[in-house]
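# Structural characterization, general
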Amino acid sequence: MNELYLDANATEPLRPEARAAVLAALEAGGNPSSVHGAGRAARRLLEGAREDLAARFGARPQDVIFTGGGTEANALAVRGLGQGRRVLLGATEHAAVLAAAPRDTGGAETIPVRPDGTADLAALEALLASGGPALVCLMAANNETGVLHPIPEVAALCARHGALLHVDAVQAAGRVAMDRAADSLALSGHKLGGPPGAGALLLRPGLHLPALIAGGGQERGRRGGTEPLPAIAGMAAAATAAVPEAAGRLAVLRDRIAAGLRALAPEAVIAGEAAPRLPNTLSIVLPGVPAETQVIALDLMGLRVSAGAACSSGKVARSHVLAAMGFGEAAGCGIRVSLPWNAAEDAPERFLEAWAAMRARLSRRAA
Ligand code: PLP
């Protein structure tokens, strides 16, 4: 059976540049906090990675905090910046952000999305006008649908109302050009084509952030713990290689899948199709057929896709993203196809052939 990996939003395949950087850092060894020669060599590697990542995303090196991944980068921002503020969360945020909101502020408030998945800016403005200083959390790109929020407009609204803006850029980074208007930006190494085990939070210059994990004073006292240098070196190399110009190729493949689906199955809906989206992501809703059943049927044919967020320990539930977009019962019937950076040119046709067979079998059963 020929495998077709279409689950890049769960994790991207390792890029060769990242693999080389990981191996070099592993071989170099050393702890960046040690004062001897081996430590100083590790420190040089760490600071090189910091400079590369900062340059890639328009930040200053001293404003980059390395973490253990995207979840931790989001938690660090939301917990730290949310202290003493109202926390406003996009309805379609990832669990990493939803679960991080501080509970001592009377609970987070929800920013609704429109049916196309983009943030309802009028509702956000009303929320901002209705109370004290806020922290707004909106992702750059949604992990299930690929829908992009209008971050520059959101940033302007936040500035007008004295609110801070945290952006989860885990899925957008490397795939689309990104605006640096946010106060903080979360990144994840393995979503860029690096290894798992590293992430980063990029801060606006001058912004103070208390540590979530205290310890040996690493990362200027903002994240305790020995930095996972091989994973960080891999992340920085992957970020340098992951450029939106190259990801643009994937939009052509994505659109061939969408056109094929329209011809095959008029009842299938592509969530958020009317909104600006990531070039690699397609959320396909097949009403009446549970997402889990679709994923398993496709898996048996060698097609690796996912239902909803893959981060929920293998569980498949009704998607809160599709529910927030008004899909009702069909919110449990969506699969996510996410093309990896190295997707083959014939991936759309191979997907469509298997998907048509799956639909014929499952729709007959559902009827
Ligand atoms: N934010 C988004 C939008 C994601 O898609 C994910 C993972 O799927 C995360 C955060 C968590 O990142 P990590 O797996 O690096 O903890």
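Residues numbered from 1 in each chain as written. Predicted model: local features only at pLDDT ≥ 70, side-chain atom pairs only at ≥ 80, totals over all residues. Heavy atoms only, no water.

## Overview of the domain arrangement of the protein chain
- We note that the domain assignment places domain 1 (4-11 + 243-366) and domain 2 (16-241) within the protein chain.
- Centre-to-centre, using C-alpha coordinates, domain 1 lies 27 Å away from domain 2.
- Counting from both sides, the interface comprises 28 residues of domain 1 and, opposite them, 31 residues of domain 2.
- Approximately 2400 Å² of surface area, both sides summed, lies buried where domain 1 meets domain 2, with 58% of it carried by carbon and sulfur atoms.
- Its largest share of buried area at the contact with domain 2, domain 1 owes to Leu278, Val321 and Met325, together 22% of the area lost on that side.
- The interface formed by domain 1 and domain 2 contains zero salt bridges.
- Seen at the junction of domain 1 and domain 2, the total is twelve residue pairs in polar contact (both at pLDDT 80 or more). (Domains from an automatic or database assignment. Contact = heavy atoms within 4.5 Å. Buried area = accessible area lost by both parts, 1.4 Å probe. Salt bridge = Lys/Arg side-chain N within 4 Å of Asp/Glu carboxyl O. Polar contact = N/O pair within 3.5 Å; in protein donor to acceptor, adjacent residues only side chain to side chain.)

## Topic: the sheet that holds strand 8 (residues 199-203)
- As summarised here, the arrangement of the seven strands in space is 2-8-7-6-5-3-4, forming an open sheet in which the pairing is mixed. A strand with exactly one partner marks an edge of an open sheet, and here the two such strands are strand 2 (64-67) and strand 4 (109-111). Strand-to-strand twist in this sheet, taken as the mean axis angle between neighbours without regard to direction, amounts to 20°.
- Note that strand 3 (residues 86-90) and strand 5 (residues 134-137) share four bridges and pair parallel. Residue pairing across strands places leucine 88 opposite valine 136, the latter belonging to strand 5. (Pairing = 2+ DSSP bridges. Helix = DSSP H or I, 4+ residues; strand = E, 2+ residues; numbered from the N terminus. Axes fitted to C-alpha atoms, helices over the stretch in contact; angles between N-to-C directions.)

## Let's talk about the side chain of threonine 281
- Following the sequence through the fold, threonine 281 ends up in strand 10 (residues 281-285).
- A residue is classified by how much of its surface remains accessible, and threonine 281, at 0% relative accessible area, is buried.
- At a separation of 3.0 Å, a polar atom in the side chain of threonine 281 contacts the side chain of asparagine 9.
- Among the polar contacts made by the side chain of threonine 281, one reaches the side chain of asparagine 280 at a distance of 2.7 Å. (Buried < 20%, exposed > 50% of the residue type's maximum accessible area, 1.4 Å probe, protein only.)

## Observations regarding the packing of aromatic side chains
- Applying the stated criterion across every chain, the model contains zero aromatic pairs.
- For arginine 56, the ring lying beneath its charged end belongs to phenylalanine 57, and the centroid distance is 4.7 Å. (Phe/Tyr/Trp six-rings, centres within 6.5 Å; stacked < 30°, edge-to-face > 60°. Lys NZ or Arg CZ within 6 Å of the ring centre and 35° of its normal.)

## Points about the nonpolar core
- One finds Leu53, Leu124, Val136, Leu165 and Leu202 to be the most contacted residues of the largest nonpolar core, which totals 54 residues.
- Here this core takes nine residues from helix 8 (residues 229-241), the largest share from any one element.
- Leucine 53 has contacts with Val64, Phe66, Leu187, Ala200, Leu202, Met235, Ala236 and Ala239, leaving out every residue within four places of it along the chain.
- In terms of nonpolar packing, the next biggest core, distinct from the first, is built from 32 residues, Ile257, Ile270, Ile284 and Trp355 among them. (Core = buried A, V, L, I, M, F, W, Y, C linked by side-chain atoms within 4.5 Å.)

## A few points about unusual backbone geometry
- With a phi angle near 55°, glutamate 219 is a residue other than glycine that sits in the positive phi range.
- Checked against the element boundaries, glutamate 219 lands in the loop between strand 8 and helix 8.
- Notably, arginine 220 is not glycine yet its phi reads approximately 55°, a positive angle.
- According to the relative accessible area criterion, arginine 220 is exposed, its value standing at 65%.

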